[in-house]
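Architecture at a glance
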Amino acid sequence: MKKRTLNIILVLALLLSLVGCEEQSQIDSLKQQISELQVQKSKLESEIYTLENAVTEKKEENGTAKYVLTLKVKQTHFSLKISEHLKDSMNAIEIQIPVDKEYYDSVEVGQNIADEFRMGSFVFRGTFGNFKVSVIKKEIQ
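Residues numbered from 1 in each chain as written. Predicted model: local features only at pLDDT ≥ 70, side-chain atom pairs only at ≥ 80, totals over all residues. Heavy atoms only, no water.

**A few points about the overall build of the protein**
Broken down by element type, the protein carries four helices and four strands. Traced from its N-terminal end to its C-terminal end, the protein shows the element sequence α-β-α-β-α-β-α-β. Partitioning the intrachain contacts of the protein with sequence separation of at least 6 by distance along the chain shows that 65% fall at a separation of at least 24. Just so you have it, the protein exposes about 11500 Å², and 60% of that area is on carbon and sulfur atoms. (Helix = DSSP H or I, 4+ residues; strand = E, 2+ residues; numbered from the N terminus. Contact = heavy atoms within 4.5 Å. Areas by Shrake-Rupley, 256 points an atom, 1.4 Å probe, with all protein chains shown as cover.)

Written out as structure tokens, the structure reads:
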């Protein structure tokens, strides 16, 4: 009886080890596929980048390029009320505007174009606030 139980335990252990080896080979195979797909992805991304640059260069050569800035316009208040700050964040708008090449080249993403105090609101309503206009995206169409 002891030998039979021991044999059954050994057979089960052998089967489990074989199953484990098969799973490990599947895992290795999947890792290999993942690495091959990552290489393909990086090649395709570099091709896309090259093609987009070629299209942009052709548009600039032909004079058909449109330089577009996406601006974020946001009002801010100097207040201790959280609701005021939330309102200002929720009311921020994004505007896309075409600009000439010189201006397009002179600004950078993240740059503040205007950050001015609202004197009229201060004088007539007693509120402290300003408008911030910043560049959030540059693209050539």
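Next comes the rest of the account.
**A short note on the packing of aromatic side chains**
Centre-to-centre distance and the angle between the planes together describe a pair of aromatic rings. Under the criterion given, the structure shown has one aromatic pair. Note that Lys138 overlies the ring of Tyr104, its terminal NZ or CZ placed 4.5 Å from the centroid. (Phe/Tyr/Trp six-rings, centres within 6.5 Å; stacked < 30°, edge-to-face > 60°. Lys NZ or Arg CZ within 6 Å of the ring centre and 35° of its normal.)

**Thoughts on the nonpolar core**
Listed in full, the nine residues of the largest apolar core are Ala65, Tyr67, Leu69, Leu71, Val99, Tyr104, Val107, Val133 and Val135. Looking at which element gives the most residues to this core, the answer is strand β1 (residues 67–77), with three residues. Beyond its immediate sequence surroundings of up to four residues, Leu69 is in contact with Ile95, Gln96, Ile97, Val99, Tyr103, Tyr104, Val107, Val135, Lys137 and Lys138. (Core = buried A, V, L, I, M, F, W, Y, C linked by side-chain atoms within 4.5 Å. Buried < 20%, exposed > 50% of the residue type's maximum accessible area, 1.4 Å probe, protein only.)

**Some words on a nonpolar patch on the surface**
A cluster of nonpolar residues, Ile82, Leu86 and Met90, forms a patch on the protein surface that exposes about 380 Å² of accessible area. Positionally, Met90 belongs in helix α2 (residues 82–90). (Patch = residues over 30% accessible without salt bridge, like charges linked within 9 Å, V, L, I, M, F, W, Y side chains within 5 Å. Salt bridge = Lys/Arg side-chain N within 4 Å of Asp/Glu carboxyl O.)

**Digging into the confidence of the model for the protein**
When pLDDT is averaged along the protein, the result is 81; 79% of the residues meet or exceed 70. Between the elements of the protein, mean pLDDT differs from a low of 59, seen in helix α4 (residues 119–125), to a high of 92, seen in strand β2 (residues 93–99). (pLDDT = per-residue confidence, 0-100.)

**As for the pattern of salt bridges**
Counting across every chain of the model gives two salt bridges. The salt bridge involving Lys101 is made with Asp105; its shortest N-O contact spans 3.0 Å. Pair noted here: Lys101 and Asp105 are both in helix α3 (residues 101–106), with a separation of four residues, about one helical turn. The class of Asp105 is partly exposed, set by a relative accessible area of 42%.

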